[in-house]
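Residue-level structure breakdown
Chain by chain, the residues:
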Amino acid sequence: MSNKVAIIAANGGLFDAYKVFNIATAAAASDKEVAIFFTFEGLNLIHKQGMQALEMPAGKEHFAEGFAKAQIPAIPELVEMAIELGVKFIACQMTMDVMGLTKEDFVDGIEVGGAVTFLEYAKDAAPTLTF
Amino acid sequence: MIKSDVQLDAKGLACPMPIVKTKKAMSDVAEGQVLEVQATDKGSVADLAAWSKTVGHQYIGTSEDNGVFYHYIRKCNLETSEAMEKSFEPTISNEEAVAGEGLILDVREVAEYAFGHIPGAKSIPMGDLTNRLNELDPSQTIYVICRTGTRSDLAAQQLKAAGFTNIYNVLPGMTGYTGELQKEVQ
């Protein structure tokens, strides 16, 4: 049985962030090795400023109340938790070039790599998830 | 209240935080000890059982009181606990022990006993045994049982060393027991 979980984060909204970081922290807390490849809008989820103000999908803003009521942790908290649990963040070099971003725009401790970096990691991972 | 060695308050926390906190709390729990996780997240009931299975700890059970779930998990190290040699003789089967005249002594932790034991069995956790020998009658036949026969093997040796003569280790133990269970929790 593989002890690795590989995640592709390709979308940048608040809901996307929860899907990615909940699965990632739960897997890491279950003694799995976890890596997330952040590409295109997904980079938003680890962008220092961007991750502070992730948007809900249009028309779903009323869920804000539900998030507060259920005491859901904020995304920056989950990001910190994921890092503490040893989740590896890989930012997509190509997207960074397109968007004019540098490693300093993101939370500390990330790696930067291309598609092959992720594929190499994911080749023996199970499951591989895409959000 | 069920006795446990370490307690974790994860009330009010939403998924995945109860799991993350449990993982962290487990590092302060010694092997064989029981962690109690208090949570209000309804998802924690299925999640903690699945988590325990994944990482190799023993999920004992969950009781609910007033909207709070109390989960009990015993820390295991699969490599050492399952592979331990059992050396105590004589041994007896589950069925023979249940049908026998003697006392069934359950040396698992209190929480394990509470979530299901053989009717009439007496509970003395292995760690308390040497301090509680006065509760046992040395002239009585005693069948010592635990989950897999490992702790009961050690307990049987302790009893023998203390001068008890009619001691049997019950194998395979509660994991192989399919009869009626008595519970101390709802």
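Remember, it's a predicted structure, so these values are computed and weren't measured experimentally.

**As for the pairing of strand E1 (residues 6–10) of chain B**
Regular strands place side chains that alternate from one sheet face to the opposite one. Relative to strand E2 (residues 34–39) of chain B, E1(B) is paired through five bridges, and the arrangement is parallel. Bridge assignment links Ala10(B) to a residue of E2(B), and that residue is Ala39(B).

**Quick notes on the interface of chain A and chain B**
In this complex, chain A contributes 16 residues to the contact, which on the side of chain B involves 12 residues. Roughly 1100 Å² is buried in total at the junction of chain A and chain B, and carbon and sulfur atoms are behind 66% of that figure. Among the residues chain A hides against chain B, the three largest losses belong to Ala29(A), Ser30(A) and Met81(A). Together they make up 34% of the total. Of the charged contacts in the structure, one is a salt bridge between Glu84(A) and Lys24(B), with a shortest N-O distance of 2.7 Å. One can count four residue pairs in polar contact (both at pLDDT 80 or more) joining chain A with chain B. Where the side of chain A that touches chain B is concerned, the elements lending two or more residues are helix H1 (14–29) and helix H3 (75–84) of chain A. Its residues placed into classes, the side of chain A that touches chain B shows nine nonpolar, four polar and three charged.

**Some points on helix H2 (residues 44–55) of chain B**
With 12 residues, H2(B) ought to run about 16 Å at 1.5 Å a step, and its terminal C-alpha atoms sit 16 Å apart, in line with that. Gly56(B), located one to two residues past H2(B), shows a positive phi value of around 95°.

**A closer look at the packing of aromatic side chains**
By convention here, two paired aromatic rings are described through the distance between centres and the angle between planes. Residue and element names in this part refer to chain A. This model, assessed by the stated rule, comprises nine aromatic pairs over all chains. Between Phe15 and Phe67 the ring centres are 6.0 Å apart and the planes differ by 35°, which places this aromatic pair in the tilted class. On the criterion of sequence distance, the pair formed by Phe15 in helix H1 and Phe67 in helix H2 (residues 63–69) is long-range, its members being 52 residues apart. One aromatic cluster is present, formed by Phe15, Tyr18, Phe63 and Phe67 through successive ring pairs. For Lys4, the ring lying beneath its charged end belongs to Tyr121, and the centroid distance is 4.5 Å.

Scoring rules and cut-offs
- Residues numbered from 1 in each chain as written.
- Chains lettered and ligands numbered in written order.
- Predicted model: local features only at pLDDT ≥ 70, side-chain atom pairs only at ≥ 80, totals over all residues.
- Heavy atoms only, no water.
- Pairing = 2+ DSSP bridges.
- Helix = DSSP H or I, 4+ residues; strand = E, 2+ residues; numbered from the N terminus.
- Contact = heavy atoms within 4.5 Å.
- Buried area = accessible area lost by both parts, 1.4 Å probe.
- Salt bridge = Lys/Arg side-chain N within 4 Å of Asp/Glu carboxyl O.
- Polar contact = N/O pair within 3.5 Å; in protein donor to acceptor, adjacent residues only side chain to side chain.
- Nonpolar A, V, L, I, M, F, W, Y, C, P; charged D, E, K, R; others polar.
- Expected span 1.5 Å × (residues − 1).
- Phe/Tyr/Trp six-rings, centres within 6.5 Å; stacked < 30°, edge-to-face > 60°.
- Lys NZ or Arg CZ within 6 Å of the ring centre and 35° of its normal.

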